[in-house]
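Here are the chains, one letter per residue:
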Amino acid sequence: MNYFIRGILQSMGVLKFVKLKIGRCCPLEILNGSTVVFLSLMQIHIVTAFPKFFESPLGESMMKRAGQSGAVKFFVHDLRDYTTDKHRSVDDYPYGGGPGMIMKPEPFFACVDHLRRQDELAGAPVILMSPQGEKFSQRKATALAQEQALIFLCGHYKGVDERVHQHLATEEISIGDYVVTGGELPALVVIDAVVRLLPGVLGDLDSASGDSFQAGLLDFPHYTRPEEFRGWRVPEILLSGHHAKIAQWRREQAEARTRERRQDLLES
Ligand code: 4G3
């Protein structure tokens, strides 16, 4: 396994992105009088009965580049590899009766126990995606982006045995007040929101810090060419070249939209 340091190298007063191949260990390097301002390599582990589900979302676009750049490394674990019966079953009928199947506790525990024996994962949050969880937010994404490693548990069917909620997961997250067929899509939503905050994943230095939600506001309107489309013109201020006035207009637009559409964001 080769490790890379991704960071910002401050060299003769100039900041630049660097990617350093450092082999099997992770020293904090001072190179030729240059300081590594920060470094990162996050491990993201996903425990699922449907590992193929993740092939294309993690293998395309930004997530693919994030993986290739060394900012993050993805590990997808097949729950069925942690079963012990001959049918490799991951679910069973609910005690007390009722429709649907419940995910069994043993494969989740066996897989997480196995992962937690790795030093880098010993303190990692174990996140169960569930409609009963804490509502996901940009604030939560920022907090998760500080972790060295994350472990996601994805349930299916009618739900997951309560002992996984109580004694295995360290947190339970919901992406919103609705139910989908499995925890896989919700986990991918959380992973995408976290990974794009990692240093070096987005193109320029501050493209994530400029996000509307990072400032607690909705985004301002964006326009590109053409200047006029079907009679609808781009606001004149954006064509003016007055950077200070443009910044002020954008701030006003973001505030007005937030007031009209999401008063709740201003109250908190
Ligand atoms: C019930 C998460 C259903 C229990 C998961 C997992 C929606 C979300 C499931 C359980 C989900 C959400 C799978 N649906 N709102 N379905 O984040 O642990």
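Residues numbered from 1 in each chain as written. Predicted model: local features only at pLDDT ≥ 70, side-chain atom pairs only at ≥ 80, totals over all residues. Heavy atoms only, no water.

## Quick look at the packing of aromatic side chains
Evaluated as defined, the whole model comprises two aromatic pairs. With a centroid separation of 6.1 Å and 45° between ring planes, the pair formed by Phe229 and Trp232 is classed as tilted. You can call Phe229 partly exposed: its relative accessible area is 44%. (Phe/Tyr/Trp six-rings, centres within 6.5 Å; stacked < 30°, edge-to-face > 60°. Buried < 20%, exposed > 50% of the residue type's maximum accessible area, 1.4 Å probe, protein only.)

## Some thoughts on the packing of helix 2 (residues 61-69) against helix 6 (residues 184-195)
Packing of helix 2 against helix 6 brings their axes to within 11 Å, and their N-to-C directions diverge by 60°. Classified by the angle between their axes, helix 2 and helix 6 sit oblique to one another. Of the two possible hands of crossing, helix 2 and helix 6 adopt the one that is left-handed. Counting all contacts with helix 2, which are made through Met62, Met63 and Ala66, the residues of helix 6 involved are Ile191, Asp192 and Val195. When its residues are assigned to classes, the contact of helix 2 with helix 6 shows five nonpolar, no polar and one charged. (Axes fitted to C-alpha atoms, helices over the stretch in contact; angles between N-to-C directions. Helix = DSSP H or I, 4+ residues; strand = E, 2+ residues; numbered from the N terminus. Parallel < 35°, antiparallel > 145°, perpendicular 65-115°, else oblique. Left-handed = near helix turned anticlockwise from the far one by under 90°. Contact = heavy atoms within 4.5 Å. Nonpolar A, V, L, I, M, F, W, Y, C, P; charged D, E, K, R; others polar.)

## Regarding a nonpolar patch on the surface
A contiguous nonpolar patch, built from Phe50, Phe53, Tyr157 and Leu185 and spanning about 360 Å² of accessible area, is present on the exposed surface. Taking the relative accessible area as the measure of exposure, Tyr157 reaches 35% and is therefore partly exposed. (Patch = residues over 30% accessible without salt bridge, like charges linked within 9 Å, V, L, I, M, F, W, Y side chains within 5 Å. Areas by Shrake-Rupley, 256 points an atom, 1.4 Å probe, with all protein chains shown as cover. Salt bridge = Lys/Arg side-chain N within 4 Å of Asp/Glu carboxyl O.)

## Focus: the sheet that holds strand 10 (residues 149-153)
Taken in spatial order, the five strands make up an open sheet running 6-5-10-9-12, and their pairing is parallel. Strands at the two margins of the open sheet, each flanked by one partner only, are strand 6 (72-78) and strand 12 (171-174). On average, each strand axis in the sheet is tilted by 35° relative to the strand beside it, whichever way the strands run. In terms of strand pairing, strand 5 (residues 42-48) meets strand 10 through five bridges, oriented parallel. (Pairing = 2+ DSSP bridges.)

## A few points about the pattern of salt bridges
Overall, the coordinates contain nine salt bridges when judged by the stated rule. Between Asp161 and Arg163 there is a salt bridge; the shortest N-O distance is 2.8 Å. The exposure class of Asp161 is buried, given its relative accessible area of 15%. Among the ionic pairs, Glu228 bridges to Arg233, the shortest N-O distance being 3.7 Å. Its relative accessible area of 44% is what places Glu228 among the partly exposed residues.

## Re the site of the ligand
By nearness alone, 17 residues border the ligand, and Ser174, Ile175, Gly176, Tyr178 and Val180 come closest of all. Contact distances for the ligand include 3.2 Å between a nitrogen atom and a side-chain N or O atom of Ser174. Between the ligand and the protein, one listed contact pairs a nitrogen atom with a backbone N or O atom of Tyr178 at 3.1 Å. Burial of the ligand by the protein amounts to 96% of the accessible area it has alone, namely 430 Å². Listed by contribution, the elements that provide at least two residues to the shell around the ligand are strand 9 (126-135) and strand 11 (159-160). (Near = heavy atom within 4 Å. Polar contact = N/O pair within 3.5 Å; in protein donor to acceptor, adjacent residues only side chain to side chain.)

## Section: helix 3 (residues 105-116)
In a regular helix each residue adds 1.5 Å, so 12 residues correspond to 16 Å; helix 3 covers 16 Å between its end C-alpha atoms and thus fits that length. Buried residues of helix 3: Pro105, Pro107, Phe108, Cys111, Val112 and Leu115, and no others. (Expected span 1.5 Å × (residues − 1).)

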